[in-house]
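A closer look at the structure
Letter by letter, the chains look like this.
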Amino acid sequence: MAKFIVRRVFWTIPVLLLVILMTFGMMKAIKGNPFRHTEHNIPVAIQKNLDRQFRLDQPWYIQYAYYVKGVFTWNLGPSMLQRDRTVNEVVAQGFPISAEEGGLAMLFALIVGIPLGIISALRQNSIFDYTAMTFSNIGFAVPAFLTSTLFLYFFALKWGHFTGFPTFGWSGFHSKVLPAIALGLGPMTYFARLVRGSMLETLQQDYIRTAKAKGLRWRRVVGVHVLRNSLIPAVTAAGPLLGYLITGSFIIERIFAIPGIGQYYVTSVSSRDYTVTMGLTVLLSILIIAANLIVDILYGVLDPRTRDQRA
Amino acid sequence: MRRKRALWVGLAMALALAIAGSGFAATAKQQKKSVVVSISIGADPPSLDPGLATDTTSASVIANINDPIIRLSQNQALKPLHTGLAQNWKVHGTTVTLYLRHNDRWTNGKPVTAKDVVGSWLRTISPQLAADYAYQFYGIKGAQAYNSCKAANCNALKKKVGISAPNKWTVKIKLVSPQPWFIQQLSHTSFLPVYLPAVNKYKTAWTQPSHIVTDGPFILTSWKHNQSLTLVKNSKWRGAKSVKVDVLKLPIIVDAGTALNAYRAGTTQIDSTGFNPTDIPTLKKTKDWHLTPNLGTYYYGFNVKQIPDVNERKALAVAIDREAIVKHIGQLGQIPAKTFTPFGIANYKTISKGGWIPAYGDDTSRGLQLAKLYMSKAKNPNMNFNLYINNSAGHIQIAEQVQSNWAKLGVTATIKTLEWAQYLQFLGPPPNPAVGAYRLGWLADYPEDYNFLSLWTCNSGNNNTNWCNKKYDSIMNKAVHTPNTAKRVALYQKAEDILTGKGGAMPIAPIYYYVGAYLEKTNVTGYYANPLGTDFYDGISVR
């Protein structure tokens, strides 16, 4: 197991280098000037000063080398748009908030989604099953900006006196409930459907019949044999999903005015804030790689058969 | 033993309660007195460094925590007042002398002196800072040379910059030419002095609340990025008596709908974020709705190499139904434009007297007839060209309207959209040959028509039309050397006539003059959004 983890960690280095190279290449490919945001043209001398300041006057491989060096020493450089801040500061300020937001959303998705899927599968074709699945389909189909807007309008603005939910912001538990549900709704319905499907499949398996036949209590059959085997797809999906959730959602953060990191994914690209885009892409890739690693380890816990193959 | 411990715990708890209680009583007392106003702003200020900030959100915060060298009157004239850091000034040809007031103090108690001003300006001009707005200083002797210096000669060129402090309270400026608007230009936030010891000590972190030193009506006490800023009244500021607000909360709300929710819920008293087009009709009917003129013009430019005949350009300019655009798309109350000089500029009436383009375009038969008349005079008109815009909903709607207006002249304009950053680079300089017509706007840096009309000189970096007129250039050059306002206005009028007058070259079709809007609760007054996009909070009071 240790060997497996070491090898996986080692493999992240070339992956990261490739991610940096690709992001760097794509950023250079789209045109635009990181210092020009308005109609006002920038005089040549000032453009030169700016380029020198941010090393944009250097050849691309030197710039790439600086980015790589920055990533591996965790010094992501100054932001080109927010001249008083470094990318490290942007990440340090926004990431904990997005991580909390995504964590809460994930918690909501798992706590509600998995039981919903289990009960639906155990009571297949019942009223509960139909209601839960209809609800899931709707929840999956409706975009987050709509649910967020509706949540805010009803629960914060219209009934705010009773619910106490603020119309925006991120301070105190109360302000976090609506965004967490809005962000977690999609993944929640996804988990519910995934678990239901996989449960139904597992329930048909021979070993379940055997377990039942040898006289085990139904609760134990479900708790140990069915659940354990049907959760594998959910775990597979959960890893990368968590990676995406904790790096923030542009839409949710914008609508709820949450000071997370999600909005920078969009704004840094549109303003050509190269260093911020680069820093965030690297952050996201590290998180996804880590999440996948954890998933692989969890496989081993859930399914002993996969343990030996990888050692 | 156990009893003893219980006693201690009990005592400690009682003490804690007492402290908390007294603290609570104190804050309750303070809260009774202090006036708190919450204003939503539409973005996290990219920078609170006066030397580096380039956007209006940053400028608004900066202008309230600092003391502008020149404050402008709150009417259309935007006259320089003697209420800023410079209480007096003298202009003698190319020499400008500023006399600073003696009672302006930094928040650390030290006086704001001429040395601070000179040092700050040299910092902004220096190539090391790499400030976008260093070009605001290019009118000062030696500034451009120092800003574009190579490492070896920088120190020598720095000494040649025409800024000096003959004594503690006097700043002497040598200009490259008499720029009669220089005093007004000094109202711009890029001219604000900064407290250099703090800047040198904390580098880029000097604008953080714990490090920042300023000299304005408010003090920055908290800056939570993307969340909120808090400004507290500076009771030691020289004009503190007239400031009626104790605490200003500036929650950062990017989304227009969310900002409106916060305003409706009463969390904010002023909404300066901006509005969704669907909300505007309802909001306009409320007493909370306020309009403010902006010094800016929304226009379409023509590539005169693709559309060489002036009669065709006139036909295209006349055909645009401006009234429909401002009424149904702009909605705020924008003003249909006849000239490039915007409505808000001083002496607009005189300068724009030759403006003749009808607001109704092809909506009335007369407008269309006029356009067709010009079209019939055009030799080899270009009936098929590309109309470039940047891809935001409002601009697309306007382009579609213009496209249908032009179709009535038989012209096929193909709308091409690009994302903003790419669009700016695409247009030029140098002007892109693929462009037939393009949309842009211009918002003033300083309240003088020169800032607008100089755009269309031959060497201007913002002229993407390929239009170049020597006579126009010489008039604009003359304006720089004409301190007499009436004479200068007459020159602007001439230039505007060459540009958009009846006998003009029409390299552009002005469409409308920008306006700004905000919501203010009816018990709040005194919020001032000036036409240059800077908001002032020191006059706010709550009834």
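Bear in mind the structure is a predicted one, so any value in this text is a computation, not a measurement.

Counting its secondary structure elements, chain B contains 18 helices and 21 strands. In terms of overall dimensions, chain B is globule-like: its C-alpha atoms have a radius of gyration of 27 Å, near the 24 Å expected for 543 residues. In terms of principal-axis extent, the alpha carbons of chain B reach across some 105 × 55 × 40 Å. The proportion of buried residues among the 543 residues of chain B is 49%. Across chain B, the fraction of contacts at a sequence separation of at least 24, relative to all contacts at a separation of at least 6, is 68%.

Regarding its fold elements, chain A presents 14 helices and zero strands. Listing every helix and strand of chain A by position from the N terminus yields α-α-α-α-α-α-α-α-α-α-α-α-α-α. C-alpha atoms of chain A, sized along the principal axes, occupy 85 × 55 × 30 Å. Across the 311 residues of chain A, 38% fall into the buried class. A sequence separation of at least 24 residues applies to 73% of the contacts in chain A between residues at least 6 apart.

So, on to the pairing of strand β17 (residues 508-520) of chain B. The side chains of a regular strand alternate, first on one face of the sheet and then on the other. All names here are of chain B. With respect to burial, β17 is a largely interior element, twelve of its 13 residues being buried. Examined bridge by bridge, strand β11 (residues 270-271) and β17 share two bridges and lie antiparallel to one another. Across the sheet, I270 pairs through a bridge with E520, a residue of β17. Relative to β17, strand β12 (residues 289-302) runs antiparallel, the two sharing ten bridges.

Now for the interface of chain A and chain B. Opposite the 37 residues of chain A that make contact, chain B presents 43 residues. Of all the elements, helix α2 (residues 44-53) of chain A adds the most residues to the side of chain A that touches chain B, at five residues. Split into classes, the residues belonging to the side of chain A that touches chain B amount to 16 nonpolar, 14 polar and seven charged.

Residues and elements named next belong to chain B. Note on placement: N155 falls in helix α5 (residues 154-160). Note on N155: 10 C-beta atoms within 10 Å, which makes it exposed. Sequence separation between N155 and S126 is 29 residues; the distance between their C-alpha atoms is 10.0 Å.

Moving on, we get to the packing of helix α4 (residues 87-122) of chain A against helix α8 (residues 173-203) of chain A. When two helices pack together, their arrangement is captured by the angle between the axes and the distance separating the axes. Residue and element names in this part refer to chain A. The contact between α4 and α8 brings their axes to 6 Å, and the two run at 35 degrees. Of the two elements, α4 crosses α8, and the hand of that crossing is right-handed. The class makeup of the residues in the contact of α4 with α8 is 24 nonpolar, five polar and four charged.

The next subject is the pairing of strand β15 (residues 412-418) of chain B. All names here are of chain B. Sheet topology note: the strand β14 (residues 384-390)/β15 ladder contains seven bridges and is parallel. Among the inter-strand pairings, I389 is bridged to a residue of β15, identified as T417. The parallel pair β14 and β15 is bridged by helix α14 (residues 393-407), and the resulting crossover is right-handed.

On to the confidence of the model for chain B, then. Residue and element names in this part refer to chain B. Per-residue confidence for chain B averages 92 on the pLDDT scale, and 93% of its residues sit at or above 70. Within chain B, the element-level pLDDT minimum falls on helix α1 (residues 2-33), averaging 49, and the maximum on strand β5 (residues 95-100), averaging 98. Predicted confidence is poor over residues 13-31, with pLDDT under 50, and the contacts of this stretch with residues over four places away or in other chains come to zero contacts. For this predicted complex, the interface confidence score (ipTM) comes to 0.87, while the overall pTM stands at 0.89.

On to the sheet that holds strand β4 (residues 86-92) of chain B. Residue and element names in this part refer to chain B. Across the sheet, which stays open at both edges, the four strands sit in the order β4-β5-β7-β6 with antiparallel pairing between neighbours. Whereas interior strands pair on both sides, the edge strands pair on one side only; in this sheet they are β4 and β6 (163-167). Strand-to-strand twist of the sheet, defined as the mean angle between neighbouring strand axes without regard to direction, takes the value 20 degrees. Here six bridges tie β4 to β5, and the two strands are oriented antiparallel to one another. Each residue of the ladder has a partner; that of N88, found in β5, is Y99. Lying over the sheet, helix α3 (residues 114-125) contacts β5, β6 and β7 (170-174), oriented at roughly 170 degrees with respect to β6.

Turning our eyes to something else, we now look at the nonpolar core. Membership of the largest hydrophobic core comes to 203 residues, with the highest contact counts inside it found for A315(B), A319(B), A371(B), L453(B), A509(B) and I511(B). Broken down by element, the residue count for this core peaks at twelve residues, all from α8(A). Here A315(B) is in contact with A371(B), Y374(B), M375(B), A378(B) and L409(B), once residues within four sequence places are set aside.

Further remarks concern unusual backbone geometry. A cis amide bond, omega 10 degrees, links G428(B) with the succeeding residue P429(B). Relative to the helices and strands, P429(B) is located in the loop between α15 (420-427) and β16 (437-443). Cis peptide bonds are those with omega within 30 degrees of zero, and the linkage from P429(B) to P430(B) qualifies with -10 degrees. On the secondary structure map, P430(B) appears in the loop between α15 and β16. Look at A257(A): it is not a glycine, yet its phi comes out positive at around 50 degrees. Tracing the chain through its elements places A257(A) in the loop between α11 (250-255) and α12 (262-270). Owing to 28 C-beta atoms within 10 Å, A257(A) belongs among the buried residues under this scheme. Phi at N347(B) takes a positive value of approximately 65 degrees, unusual for a residue other than glycine.

Next up on the list: the packing of α12(A) against helix α13 (residues 274-302) of chain A. Residue and element names in this part refer to chain A. At a minimum axis separation of 8 Å, α12 and α13 run at an interaxial angle of 145 degrees. For the pair α12 and α13, the sense of crossing is left-handed. Of the residues in α13, those touching α12 at Y264, Y265, S268 and V269 are V276, T277 and L280. Residues that form the contact of α12 with α13 fall into these classes: five nonpolar, two polar and no charged.

Criteria and thresholds
- Residues numbered from 1 in each chain as written.
- Chains lettered and ligands numbered in written order.
- Predicted model: local features only at pLDDT ≥ 70, side-chain atom pairs only at ≥ 80, totals over all residues.
- Helix = DSSP H or I, 4+ residues; strand = E, 2+ residues; numbered from the N terminus.
- Rg over C-alpha atoms; globule rule 2.2 N^0.38 Å.
- Buried ≥ 20, exposed ≤ 12 C-beta atoms within 10 Å, placed from the backbone.
- Contact = placed C-beta atoms within 7 Å.
- Pairing = 2+ DSSP bridges.
- Nonpolar A, V, L, I, M, F, W, Y, C, P; charged D, E, K, R; others polar.
- Axes fitted to C-alpha atoms, helices over the stretch in contact; angles between N-to-C directions.
- Left-handed = near helix turned anticlockwise from the far one by under 90°.
- Right-handed = clockwise from strand over helix to strand, strands pointing away.
- pLDDT = per-residue confidence, 0-100.
- Core = buried A, V, L, I, M, F, W, Y, C linked by C-beta atoms within 7 Å.

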